[in-house]
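Residue-level structure breakdown
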Amino acid sequence: MIDVGSTIENTSVELSDGTAADLLGEGHRGTLIYFMRTTTCMICNAHVRTLTSNAKDFRDRGVRVLIAVPEEATAAQAWANRRQIAFAVVPGLHGDLGLARRLLGSMMQSGTIVVDATGRVTYADIVTMPTGGYRHRDALAALDALPQRAG
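The following refers to the structure shown.

Turning next to the pattern of salt bridges. Note on pairing: side chains with opposite charge can pair once their charged atoms come close. In this structure the tally under the stated criterion is 4 salt bridges. For R61, the salt bridge identified is with D144, shortest N-O distance 2.6 Å. Taken together, the residues R61 in the loop between α2 (55–60) and β4 (63–69) and D144 in helix α5 (residues 136–144) connect sequence positions 83 residues apart. Of the residues examined, R61 reaches a relative accessible area of 18% and is grouped as buried. The exposure class of D144 is partly exposed, given its relative accessible area of 45%. Its salt-bridge partner being D125, residue R135 comes within 2.1 Å of it at the nearest N-O pair.

In structure tokens:
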């Protein structure tokens with residue numbers, strides 16, 4: 001399970017478009033990862049619209065945003081294309097980072113984490129009910145608390 005203070009290794013992941021990328025990326029103060037319960041979840045899609053409409057907040061803070069979906073790459077990319085998602089989409093990351101199905105194994109967890117440039121989780125809000133999976137004000141406060149980039 002992802003907890004504040006835990007560390008995420010900066011491994012190579014395959015994005016939904018078939019390209020490989022470092023999970024945490026280079027040259028950013030940190031990374032915000034939003035975990036969708038599923039690409040068909042209306043509430044999760046509303047959270048992604050909020051993230052998209054506030055993309056400038058993340059750019060201004062030097063933060064990378066990733067959208068993690070439990071679907072496989074082809075379905076994830078089709079969803080990203082339909083929705084015109086401006087952020088990188090990472091399929092299958094839930095299991096790698098310990099998110100699980102809750103409520104009798106039927107509902108995938110969702111939520112938001114912020115990871116600093118060293119891979120340390122500085123904010124984690126993982127939920128079973130997706131209504132609380134993204135709180136913009138809380139996420140911005142966590143991003144503002146990240147160390148400034150050197151240079």
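That shown, we press on.
Moving on to the packing of aromatic side chains. For the coordinates displayed, the defined rule picks out 2 aromatic pairs. Taking 6.3 Å as the distance between ring centres and 80° as the angle between the ring planes, the aromatic pair formed by F58 and F87 counts as edge-to-face. Taken together, the positions of F58 in helix α2 and F87 in the loop between α3 (73–83) and β5 (88–91) put the pair 29 residues apart, joining distant regions of the chain. Residue F87 is classed as buried on the basis of its relative accessible area, which comes to 12%.

Located in the positive-phi region is Q84, a residue other than glycine, with phi close to 55°. Looking at where Q84 falls in the secondary structure, it is placed in the loop between α3 and β5.

Here we take up the environment of T50. For T50, the position within the fold is in helix α1 (residues 42–53). The spatial distance from the C-alpha of T50 to the C-alpha of H136 is 7.8 Å, given a sequence separation of 86 residues. Residues within four places of T50 in sequence aside, it is in contact with Y134 and H136.

Core analysis: the largest hydrophobic core is formed by 27 residues, its most contacted members being L32, Y34, F58, I67 and W79. Contributions of two or more residues to this core are made by β3 (30–35), α1, α2, β4, α3 and α5.

Looking at the element boundaries, R29 is found in the loop between β2 (20–22) and β3. One buried charged residue, R29, remains without a salt bridge, the closest side chain of opposite sign being D144 at 5.2 Å. A distance of 2.5 Å separates a polar atom in the side chain of R29 from the backbone oxygen of L146.

Turning next to the side chain of T39. Along the chain, T39 turns up in the loop between β3 and α1. T39 sits in the buried class, given a relative accessible area of 10%. The residues touching T39, leaving out its near neighbours within four places in the chain, are N45, V69, E71 and W79.

A few words on α1. An ideal rise of 1.5 Å per residue puts 16 Å on 12 residues; α1 measures up with 16 Å between its terminal C-alpha atoms. Summarising the contacts, the buried residues of α1 are in contact with β3, α2, β4, α3 and β8 (110–116).

The element strand β9 (residues 121–127) is extensively covered by neighbouring structure, given that 5 of its 7 residues are classed as buried. One ladder, built from 6 bridges, connects β8 with β9; its direction is antiparallel. Across the sheet, V115 pairs through a bridge with V121, a residue of β9. The hairpin formed by β8 and β9 contains 4 residues between the paired strands, and G119 there has a positive phi angle of roughly 100°.

About the thresholds
- Residues numbered from 1 in each chain as written.
- Predicted model: local features only at pLDDT ≥ 70, side-chain atom pairs only at ≥ 80, totals over all residues.
- Heavy atoms only, no water.
- Salt bridge = Lys/Arg side-chain N within 4 Å of Asp/Glu carboxyl O.
- Helix = DSSP H or I, 4+ residues; strand = E, 2+ residues; numbered from the N terminus.
- Buried < 20%, exposed > 50% of the residue type's maximum accessible area, 1.4 Å probe, protein only.
- Phe/Tyr/Trp six-rings, centres within 6.5 Å; stacked < 30°, edge-to-face > 60°.
- Contact = heavy atoms within 4.5 Å.
- Core = buried A, V, L, I, M, F, W, Y, C linked by side-chain atoms within 4.5 Å.
- Lys, Arg positive; Asp, Glu negative; His and termini not counted.
- Polar contact = N/O pair within 3.5 Å; in protein donor to acceptor, adjacent residues only side chain to side chain.
- Expected span 1.5 Å × (residues − 1).
- Pairing = 2+ DSSP bridges.

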